[in-house]
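# Secondary and tertiary structure notes
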Amino acid sequence: MTTSGFQPLDHKRLAPDVMQSRAQALLVEAQQRRSVRHFSSDPIPDGVLDYCIQIAGTAPSGAHKEPWTFVVVTDPAKKKAVREAAEEEERENYSGRMNEEWVKDLERLGTNAEKEFLETAPALIVVMRHAWQVGPDGERQQCYYTQESVGIASGFLLMALHHAGLGTLTHTPSPMGFLTKLLGRPTNEKPYLLIPVGYPSEDCEVPHLTRRSLEQLRIQD
Ligand SMILES: Cc1cc2nc3c(=O)[nH]c(=O)nc-3n(C[C@H](O)[C@H](O)[C@H](O)COP(=O)(O)O)c2cc1C
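Description of the structure in this document. (Residues numbered from 1 in each chain as written. Predicted model: local features only at pLDDT ≥ 70, side-chain atom pairs only at ≥ 80, totals over all residues.)

## Here's the deal with the overall build of the protein chain
- Tallying secondary structure elements over the protein chain gives 8 helices and 6 strands in all.
- Referenced to the eigenvectors of the C-alpha coordinate spread, the extents of the protein chain come out at roughly 55 × 50 × 40 Å.
- Within the protein chain, the proportion of its 221 residues that are buried is 25%. (Helix = DSSP H or I, 4+ residues; strand = E, 2+ residues; numbered from the N terminus. Buried ≥ 20, exposed ≤ 12 C-beta atoms within 10 Å, placed from the backbone.)

Printed below as a string of C-alpha cells:
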C-alpha cells in the first residue's frame, strides 16, 4: 500500500456511443453470470486466477487499508478437509440453525448440506477480511468499513472470474471460523466468502430465476 503525494488522474473521456456500447456489452456479460454448483475438475489455465485476484485488489477500501487476502486452495487433500468441515457446519444449518423460512427460501435452489463442489472445483478462493492489521512493530492497526470494502472486492473478483470464462459459487458455510484454522491464517483475518472456481460441468444446471427489471431497480428522484 502506498500513498505519497498526488499525481494527475489518468482519464480519457469516451464518445457517448462508445460509452453506451461498452456499458451494454458489460450488462450482457453480467446477465450471463450464474452461481455454479456443478464443476468440471479441469484445471484453470495458468495466470488467470492471478489476474482476477489483482482485479479484486483494485477495489476501493476504507482509508485505503485494503483489508483483504485471497487464499487459493488447489491441493486435493486441503479441499477435502475444507469440504468435510463445511459439510459439518451445513448439516447443523440445515437441521435447525436456519429457521423454517430460510430453509423454505433455499428449496428452489435445490441446495442441501452436501458440498461435492468443494472437492470437484479445481480451486477454492477463500476471501479473508482483515478485522484489523498488524503494523511493522507488531502493533494493532485499525481498518475501516471492512465489510463494505471486502464486499466490493469480492464483487470485482466474481465479475473478473466470470469475464475470464470461469464459473463461481458465492458460498457461506457459516460459521466459517474453521477456515482460519484450516488455512493457517492469522486471527485478524476473518473468512468472508468461500468461492469454488472452475469450468462448469458439461451437464451443469442452474435454478430458473428472474432478476428485477430496470423499472424496479432504478428510482428517479
Ligand atoms: C452473501 C451470499 C452468500 C451465499 N451463500 C450461498 C451458499 O452458502 N450456498 C449456495 O449454494 N449459494 C449461496 N449464494 C448464492 C445465491 O444463492 C445466488 O447468488 C442466488 O440464488 C442468485 O443466483 P445467481 O448467483 O445465479 O444469480 C450466496 C450468495 C451471496 C451473495
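Past the structure itself, the notes keep going.
## Overview of the site of the ligand
- All residues adjacent to the ligand are Arg34, Ser35, Arg37, Leu109, Thr111, Leu169, Thr170, His171, Thr172, Val206 and Leu209.
- Along the lines of polarity and charge, the residues of the shell around the ligand split into 4 nonpolar, 5 polar and 2 charged. (Near = placed C-beta within 6 Å. Nonpolar A, V, L, I, M, F, W, Y, C, P; charged D, E, K, R; others polar.)

## Let's talk about the sheet that holds strand β5 (residues 167-168)
- Sheet architecture is open: 4 strands sit in the order β1-β2-β6-β5, paired in antiparallel fashion. Each of the sheet's edge strands pairs with one partner strand only, and the pair in question is β1 (68-73) and β5.
- The pairing of strand β2 (residues 123-130) with strand β6 (residues 189-198) spans 8 bridges and is classified as antiparallel. Bridge pairing in β6 links Val127 to Leu193.
- Across the sheet, helix α6 (residues 146-163) lies against β1, β2, β5 and β6, angled at about 160° from β2, the strand it touches most. (Pairing = 2+ DSSP bridges. Contact = placed C-beta atoms within 7 Å. Axes fitted to C-alpha atoms, helices over the stretch in contact; angles between N-to-C directions.)

## Some words on unusual backbone geometry
- That bond from Ser174 to Pro175 is cis: its omega, -5°, falls within 30 degrees of zero.
- Inspection of the secondary structure puts Pro175 in the loop between β5 and α7 (177-182).
- Here Ala63, not a glycine, exhibits a phi torsion of approximately 55°, which is positive.
- Among the secondary structure elements, Ala63 is positioned in the loop between α2 (48-56) and β1.
- A positive phi is found at His64, a non-glycine position, where the angle reads about 50°.
- Take His64: it is sitting in the loop between α2 and β1.

## Concerning the nonpolar core
- Grouped together as the largest cluster of nonpolar side chains are 34 residues, with contacts concentrated most on Leu124, Val126, Val127, Leu157 and Ile195.
- Among the elements of the structure, α2, β1, α3 (76-97), α5 (117-120), β2, α6 and β6 are those that each provide at least two residues to this core.
- Top element by residues in this core is α6. It accounts for 6 residues.
- Once residues lying within four places of it in the same chain are set aside, the contact partners of Leu157 are Cys52, Ile53, Ile55 and Ala56. (Core = buried A, V, L, I, M, F, W, Y, C linked by C-beta atoms within 7 Å.)

## As for the environment of Glu114
- Here Glu114 shows up in the loop between α4 (100-107) and α5.
- Along the sequence, Glu114 and Arg91 sit 23 residues apart, while their C-alpha atoms lie 8.1 Å from each other.

## Considerations on α3
- The end-to-end C-alpha distance of α3 is 29 Å, a good match for the 32 Å that 22 residues give at a rise of 1.5 Å each.
- Among all positions in α3, only Lys79, Val82, Arg83, Ala86 and Glu90 are buried. Take α3 and look down its axis: the buried residues cluster within an arc of 100°, on one side only. Exposed positions of α3 whose direction lies more than 90 degrees from the buried face are Ala77, Lys80, Ser95 and Gly96.
- For α3, the secondary structure elements touched by its buried residues are β1, α5, β2 and α7. (Expected span 1.5 Å × (residues − 1). Arc of directions from axis to C-beta.)

## A look at the packing of α2 against α6
- Viewed as axis vectors pointing N to C, α2 and α6 meet at an angle of 150°, and their least axial separation amounts to 7 Å. By crossing handedness, the relation of α2 to α6 is classed as right-handed. Between α2, through Cys52, Ile53, Ile55 and Ala56, and α6, the contact on the second element is made entirely by Ala153, Phe156, Leu157, Ala160 and Leu161.
- Class assignment of the residues belonging to the contact of α2 with α6 gives a composition of 9 nonpolar, no polar and no charged. (Left-handed = near helix turned anticlockwise from the far one by under 90°.)

## Considering the pairing of β2
- Burial runs high along β2: 7 of the 8 residues are buried.
- Examined bridge by bridge, β1 and β2 share 6 bridges and lie antiparallel to one another. Counterpart to Phe70 in the pairing with β2 is Val127.

## Remarks on the environment of Glu89
- For Glu89, the location among the structural elements is in helix α3.
- Residues Glu89 and Ala113 lie 24 residues apart in sequence; the distance between their C-alpha atoms is 8.3 Å.
- Apart from residues lying up to four places away in sequence, Glu89 is in contact with Pro173, Ser174 and Pro175.

Function-wise, these values are silent; they only describe arrangement.
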